Amino acid sequence: MTKGFDWALSAAALSFVLHDVARGRGHDLVSATLLALNATVGVLFLVRRPSTRSASLGEHLACAASVPLSALALALAPTPSSWSLSASLAFAACGAAAILSLGALGRSFAVLPSVRQVVGRGPFQLVRHPIYGCELA
């Protein structure tokens, strides 16, 4: 992918953050966690290194299903204000762990499969895919 594409993806992620902040969202724990995750991803698109090899079309298509499924999950989820305190705390804890994992991933960040530098620091010392673990928890 080109650097221009990375800038566009960053702008999209950060515009979601700015839009939600302008609408007064982010005052509850769940919304604040989502804002922090989107902001982290937006910044990582700006600093990531180029891939040394991109995935095949089939690999990209296999991953593409996660985008509409994620949107569907968010659409079906109850509003954050109706979450119990324990659910909100669990979501925030997993969100914080995901942000730390994304930070450890740093310039090797990618959304779609590609070859970048392998990361073995932070949570990646313990688990190969800590961000997926955070999403599943």
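Residues numbered from 1 in each chain as written. Predicted model: local features only at pLDDT ≥ 70, side-chain atom pairs only at ≥ 80, totals over all residues. Heavy atoms only, no water.

1. What about the side chain of Ser10?
In step 1: Along the chain, Ser10 falls in helix H1 (residues 3–22).
In step 2: Each residue touching Ser10, except ones within four places of it in the same chain, is listed here: Gly42, Phe45 and Leu46. (Helix = DSSP H or I, 4+ residues; strand = E, 2+ residues; numbered from the N terminus. Contact = heavy atoms within 4.5 Å.)

2. Points about the side chain of Ser31
In step 1: Tracing the backbone shows Ser31 in helix H2 (residues 29–47).
In step 2: Excluding anything up to four places from it in sequence, Ser31 contacts Gly26 and Pro80.

3. Describing the nonpolar core
In globular proteins that are soluble, nonpolar side chains generally tend to be buried together.
In step 1: Counting residues in each nonpolar core, the largest one holds twelve residues, listed as Leu37, Leu44, Phe45, Ala98, Leu102, Ala104, Leu105, Phe109, Val119, Phe124, Ile131 and Cys134.
In step 2: Mapped by element, the contributors of at least two residues to this core are H2, helix H5 (85–105) and helix H6 (130–136).
In step 3: With four residues, the single largest contributor to this core is H5.
In step 4: Beyond its immediate sequence surroundings of up to four residues, Phe45 is in contact with Lys3, Asp6, Leu9, Ser10, Phe109 and Val111. (Core = buried A, V, L, I, M, F, W, Y, C linked by side-chain atoms within 4.5 Å. Buried < 20%, exposed > 50% of the residue type's maximum accessible area, 1.4 Å probe, protein only.)

4. Some thoughts on the packing of aromatic side chains
In step 1: Going through the model one piece at a time under the given rule, you end up with one aromatic pair.
In step 2: On the numbers, 5.3 Å between centres and 90° between planes, the contact of Trp83 with Phe91 is edge-to-face.
In step 3: Look at Trp83 and you get partly exposed, because its relative accessible area is 24%.
In step 4: Phe91 gets classed as partly exposed once you look at its relative accessible area, which sits at 27%. (Phe/Tyr/Trp six-rings, centres within 6.5 Å; stacked < 30°, edge-to-face > 60°.)

5. Structural notes on a nonpolar patch on the surface
In step 1: A cluster of nonpolar residues, Leu29, Leu85 and Leu89, forms a patch on the protein surface that exposes about 290 Å² of accessible area.
In step 2: Of note, Leu85 is situated in helix H5.
In step 3: Here Leu85 falls in the exposed class, since its relative accessible area comes to 62%. (Patch = residues over 30% accessible without salt bridge, like charges linked within 9 Å, V, L, I, M, F, W, Y side chains within 5 Å. Areas by Shrake-Rupley, 256 points an atom, 1.4 Å probe, with all protein chains shown as cover. Salt bridge = Lys/Arg side-chain N within 4 Å of Asp/Glu carboxyl O.)

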